[in-house]
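Summary of the model geometry
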2 protein chains.
Amino acid sequence: MKERHVGMRTFQFPTKPIISGAAAVVGVKEGKGPQAQWFDKILQEDYYNEKTFEKAESKMLKNSISMAIENACLKKNIIDAMLTGDLLNQLMSSSYMARDVGIPYLGIYGACSTMTESLLLASVLVDGGYCKHTVAGASSHFATAERQFRMPLEHGNQRPPQAQWTATAAGAVTVSSPDEYLSNHNSNTIPLTNTLRVTHGTVGRVIDPGITDSNFMGGAMAPAAFDTIRVHLTDLGRTSSDYDLILTGDLGIAGKKILQDLAMKKSHNDSLPNSVFKGFKKVYDDCGAIMYFSEQDTHSGGSGCGCSASIFCGRIVKEMRAGKYKRVMLVSTGALMSTISKQQGETIPGIAHAVTVEVS
Amino acid sequence: MKERHVGMRTFQFPTKPIISGAAAVVGVKEGKGPQAQWFDKILQEDYYNEKTFEKAESKMLKNSISMAIENACLKKNIIDAMLTGDLLNQLMSSSYMARDVGIPYLGIYGACSTMTESLLLASVLVDGGYCKHTVAGASSHFATAERQFRMPLEHGNQRPPQAQWTATAAGAVTVSSPDEYLSNHNSNTIPLTNTLRVTHGTVGRVIDPGITDSNFMGGAMAPAAFDTIRVHLTDLGRTSSDYDLILTGDLGIAGKKILQDLAMKKSHNDSLPNSVFKGFKKVYDDCGAIMYFSEQDTHSGGSGCGCSASIFCGRIVKEMRAGKYKRVMLVSTGALMSTISKQQGETIPGIAHAVTVEVS
């Protein structure tokens, strides 16, 4: 049997679970941004025919899950477990979605790192043989996050240049056991070339650079992203150049620069074996930095669980299926803050989990 | 290789991960209750030398984790992953604990079902070979929960008879790979008789009986507990009588009666194979119902993630080590509500996850 734990703290998935389906649902603003063509559904208005923004967010998550299951040509009743989370207090969007969907449910919270946390654990459940099919997903909504974490929308307050815009977006993937999926697979509906497979995952440590400005989440999360990418590469004996794309969750424009600086410094540091960050800049990008056009006035870019969820489940999965990338590392990043911790003068701890996905 | 998925939706752990260490830390009121003798630390005052109740809760969780690691005779730096959660918005207690402890961290949210959710996933990570040692834990604090979910403490509002009292409590266990643990085990410190092993787990579905009264959580959670216990027993081809103890998380006195009624009805229902609830009443109890003396004025008993966490990690682990029980099913139960969902007229969905622990 192949090892399932490699290096310091990376999980290896010898069965290489298949990302059998994927879907992304986004809001109006995201549907006018540069990623619009990749999303499976763009809302006409951000209430999504619901009475509140919270219910709209829950519906977006629910629909992205249904569409991912459909995309995989699976039926809801054969999914063994569903792992999702969001930014709302007590995971309101996920909880009510889970009630409506009825699949056995594990609530996950990693702030905006939730997409990789859920994808990593969903892959563990499938690779370990506990589940045949799982769903992993995450959501966020500008209006629900803004009024919960910052200001009432009606207040119309000014936002500083380092601020990010919580994406109104949800994304989900189904993760399936290769044996199960391939034996039931109808190659008339989905071709078997360029199948996405999850090969490795690294659980992040919480790292706190001491930032207290809740508008500067990119800075709060960049050191955690750096740590996780470094460990993931080192554990696998790889460098950045072994990847076609390394994609962080939502460091935004400001945080992306910080991570690039950290990587550049460390790539010249002899104490790191093989300069794991060699060629980093060439393959690196950030979902937050590419979610909006600069004229969309989001300042430092996108954020929120749904940011990396919708770009990964919407765009990257399609691009990998089309053969554009062979190996991608997704590193969703989370700022573990709450309004209460901020009021108590606490700093903002960051976390990031990494998952490697390959086509074969 | 043995199957890891049995029946409809139960996970089987063929390697039988070991609960190598455990500890519980509780508040002043819990330390005056009937379970006092079992807790590893009882606070002198509920601020725990911190400036806020939230920081006190985080410190309780941190200390229960440190004490569990010590109880297992392990060192912090060899723990591969830590899975914890709490009731505070954005898991504040867990997030700040994880920053201070530094072990790779996966945030888990299942309301008061968090202890079994984290224990189940920690066992998956160990049994699947992804981790050698993991930590699972959960916490709650009366003062932090009350002011977040209900009324300011200073308000001194009346509580209805069906209300439960959020326990000021934290509990944690270390879950270890048997190979790893037994090869490094010093039998001078911990005898190898009556080793606790996690054998099975079932992920719960969200079930919503339509209750809107946030003081009646026991009623909101009882149907989910019933569903999970039924599935766990059916999947394993067992009945209640095969267990020495089936312990729900925090249905409280009112919810416990509802679950007993549901079980009695179904045990006479011929459509259920083997009457899985045969003998249920004899082996069944609820952590919320036994946490306080009736004169402690908690009405329907205890609740909160820390309720089942502290009773399992404090009392049940010690009793199993002492040979009192051979096989226990822990079924922590969660009410997936938030203040926002309540304000929007939503009902309270319930969830429950089950884990079977045996001594060998």
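Rules used throughout
Residues numbered from 1 in each chain as written. Chains lettered and ligands numbered in written order. Predicted model: local features only at pLDDT ≥ 70, side-chain atom pairs only at ≥ 80, totals over all residues. Heavy atoms only, no water. Helix = DSSP H or I, 4+ residues; strand = E, 2+ residues; numbered from the N terminus. Buried < 20%, exposed > 50% of the residue type's maximum accessible area, 1.4 Å probe, protein only. Contact = heavy atoms within 4.5 Å. Areas by Shrake-Rupley, 256 points an atom, 1.4 Å probe, with all protein chains shown as cover. Lys, Arg positive; Asp, Glu negative; His and termini not counted. Charge placed at Lys NZ, Arg CZ, Asp CG, Glu CD. Core = buried A, V, L, I, M, F, W, Y, C linked by side-chain atoms within 4.5 Å. Axes fitted to C-alpha atoms, helices over the stretch in contact; angles between N-to-C directions. Parallel < 35°, antiparallel > 145°, perpendicular 65-115°, else oblique. Left-handed = near helix turned anticlockwise from the far one by under 90°. Nonpolar A, V, L, I, M, F, W, Y, C, P; charged D, E, K, R; others polar. Salt bridge = Lys/Arg side-chain N within 4 Å of Asp/Glu carboxyl O. Polar contact = N/O pair within 3.5 Å; in protein donor to acceptor, adjacent residues only side chain to side chain. Phe/Tyr/Trp six-rings, centres within 6.5 Å; stacked < 30°, edge-to-face > 60°. Pairing = 2+ DSSP bridges. Least-squares fit on C-alpha atoms with pLDDT ≥ 70 in both. Expected span 1.5 Å × (residues − 1).

Regarding the overall build of chain A
- Per the secondary structure count, chain A includes 11 helices and 15 strands.
- In terms of principal-axis extent, the alpha carbons of chain A reach across some 55 × 55 × 35 Å.
- The proportion of buried residues among the 360 residues of chain A is 66%.
- Taking as baseline every contact in chain A between residues at least 6 positions apart, the subset at least 24 positions apart corresponds to 77%.
- Summed over all atoms, the accessible surface of chain A reaches about 12,200 Å², with 50% contributed by carbon and sulfur.
- For chain A, the separation between the mean place of its 36 positive charges and that of its 34 negative charges on side chains is 3 Å.

Quick look at the nonpolar core
- Counting 226 residues, the largest nonpolar core has A:Leu125, A:Val173, A:Phe312, B:Leu125, B:Val173 and B:Phe312 as its most contacted members.
- Setting aside chain neighbours within four positions, we find B:Phe312 in contact with B:Ile19, B:Leu119, B:Val173, B:Val317, B:Leu330 and B:Val357.

Regarding the packing of helix H1 (residues 53-71) of chain B against helix H4 (residues 142-149) of chain B
Residues and elements named next belong to chain B.
- At their nearest, the axes of H1 and H4 sit 8 Å apart, and the two run at 130° to each other. In terms of orientation, H1 lies oblique with respect to H4. When you trace H1 past H4, the crossing you get is left-handed. Between H1 and H4, the contacting residues are Phe53, Glu54 and Glu57 on the first element and Ala143, Thr144 and Arg147 on the second.
- Looking at side-chain class alone, the contact of H1 with H4 contains 2 nonpolar, 1 polar and 3 charged residues.

Re the interface of chain B and chain A
- Between chain B and chain A, the residue contacts involve 58 residues of the former and 58 residues of the latter.
- Between the two partners, chain B and chain A, sit 6 salt bridges.
- For B:Asp208, the salt bridge goes to A:Arg99, with nearest N and O atoms at 2.7 Å.
- Taken together, chain B and chain A are joined by 32 residue pairs in polar contact (both at pLDDT 80 or more).
- For the side of chain B that touches chain A, the secondary-structure elements that each account for two or more residues are strand E2 (10-12), H1, helix H2 (92-101), strand E6 (105-107), helix H3 (114-127), H4 and helix H11 (339-343) of chain B.
- Classifying every residue of the side of chain B that touches chain A gives 29 nonpolar, 17 polar and 12 charged.

Observations concerning the packing of aromatic side chains
- Applying the stated criterion to the full structure yields 14 aromatic pairs over all chains.
- With a centroid separation of 5.6 Å and an interplanar angle of 55°, the aromatic rings of A:Tyr130 and B:Phe11 are classed as tilted. Of this pair, A:Tyr130 sits in the loop between helix H3 (114-127) and strand E7 (133-140) while B:Phe11 sits in strand E2, on two different chains.
- The class of A:Tyr130 is buried, set by a relative accessible area of 0%.
- Aromatic side chains B:Phe226 and B:Phe277 sit 4.9 Å apart centroid to centroid with 10° between the ring planes, which places their arrangement in the stacked category. Note that B:Phe226 is positioned in helix H6 (residues 217-235) and B:Phe277 in the loop between helix H7 (252-267) and helix H8 (280-283), a separation of 51 residues in sequence. Across the pair, exposure class does not vary: B:Phe226 and B:Phe277 are buried alike.

Overview of the pattern of salt bridges
- Across all of its chains, the model carries 36 salt bridges over all chains by this definition.
- Note that A:Glu346 and B:Lys55 form a salt bridge whose closest N and O atoms lie 4.0 Å from each other. Residue A:Glu346 is found in the loop between helix H11 (339-343) and strand E15 (350-359), and its partner B:Lys55 is found in helix H1; the two belong to separate chains.
- Salt bridges sharing partners connect three or more residues here, namely A:Lys55, A:Lys62, A:Arg99, A:Asp100, B:Asp208 and B:Glu346.

With respect to the packing of H1(B) against H2(B)
All names here are of chain B.
- The N-to-C vectors of H1 and H2 enclose an angle of 55°; their axes lie 8 Å apart at closest approach. The angle between H1 and H2 falls in the class oblique. Read as a crossing pair, H1 and H2 show a hand that is right-handed. On H2, the residues that touch Glu54, Glu57, Ser58, Leu61, Lys62 and Ile65 of H1 are Met92, Ser93, Ser94, Tyr96, Met97, Asp100 and Val101.
- Residue classes in the contact of H1 with H2 are distributed as 6 nonpolar, 3 polar and 4 charged.

Digging into the pairing of E15(A)
Residue and element names in this part refer to chain A.
- Across the 10 residues of E15, 10 count as buried, placing the element largely inside the fold.
- Of the two faces of E15, the one carrying Gly350, Ala352, Ala354, Thr356 and Glu358 and the one carrying Ile351, His353, Val355, Val357 and Val359 are both buried.
- Pairing analysis gives 9 bridges linking strand E14 (residues 327-335) to E15, with the strands arranged antiparallel. Note that in E15 the partner of Leu330 across the bridge is Val355.

Side note on the side chain of B:Thr356
- Its place among the elements puts B:Thr356 in strand E17 (residues 354-359).
- In this structure, B:Thr356 is in contact with B:Arg197, B:Val198, B:Thr199, B:His200, B:His232, B:Arg238, B:Tyr243, B:Arg327, B:Val328 and B:Met329, ignoring residues within four places of it in sequence.

What about the environment of A:Leu74?
Residues and elements named next belong to chain A.
- Considering the arrangement of structural elements, one finds Leu74 in the loop between helix H1 (53-71) and strand E5 (81-86).
- Each C-alpha atom of the pair Leu74 and Asn184 lies 9.5 Å from the other, and the pair is 110 residues apart in sequence.
- Discounting chain neighbours no more than four positions away, the residues touching Leu74 are Ser20, Ile69, Ile79, His133, Thr174 and Ser176.

Quick look at the relation of the copies chain B and chain A
- Between chain B and chain A, which share one sequence, the superposing operator has a rotation angle of 180° and an axial displacement of 0.0 Å; the RMSD is 0.0 Å. With respect to symmetry, the two chain copies, as superposed, fit the operation of a two-fold axis.
- With an isologous cut-off of 70% or more, the 100% of interface residues of chain B that recur at the interface of chain A puts this contact in the isologous class.

Some remarks on the pairing of strand E3 (residues 18-26) of chain B
All names here are of chain B.
- Taking burial as the measure, the 9 residues of E3 include 9 buried ones, the bulk of the element.
- Relative to strand E9 (residues 169-176), E3 runs antiparallel, the two sharing 8 bridges. Bridging from a neighbouring strand, Ala22 pairs with Val173 of E9.
- Bridge analysis of E3 against strand E4 (residues 41-42) gives 2 bridges, and the strand direction is parallel. Pairing of Val25 across the sheet is with Lys41, part of E4.

Describing H6(B)
All names here are of chain B.
- Look at H6: 27 Å from first C-alpha to last across 19 residues, which is about the 27 Å you get at 1.5 Å a residue.
- In terms of burial, H6 is a largely internal element, 17 of the 19 residues being buried.
- Within two residues after H6, Gly237 carries a phi angle of roughly 65°, on the positive side.

Comments concerning the side chain of B:Asp286
Residue and element names in this part refer to chain B.
- Within the secondary structure layout, Asp286 lies in strand E12 (residues 284-286).
- For Asp286, which is buried and forms no salt bridge, the nearest opposite charge comes from Lys256, at a distance of 7.2 Å.
- A distance of 2.8 Å separates a polar side-chain atom of Asp286 from the backbone nitrogen of Leu251.

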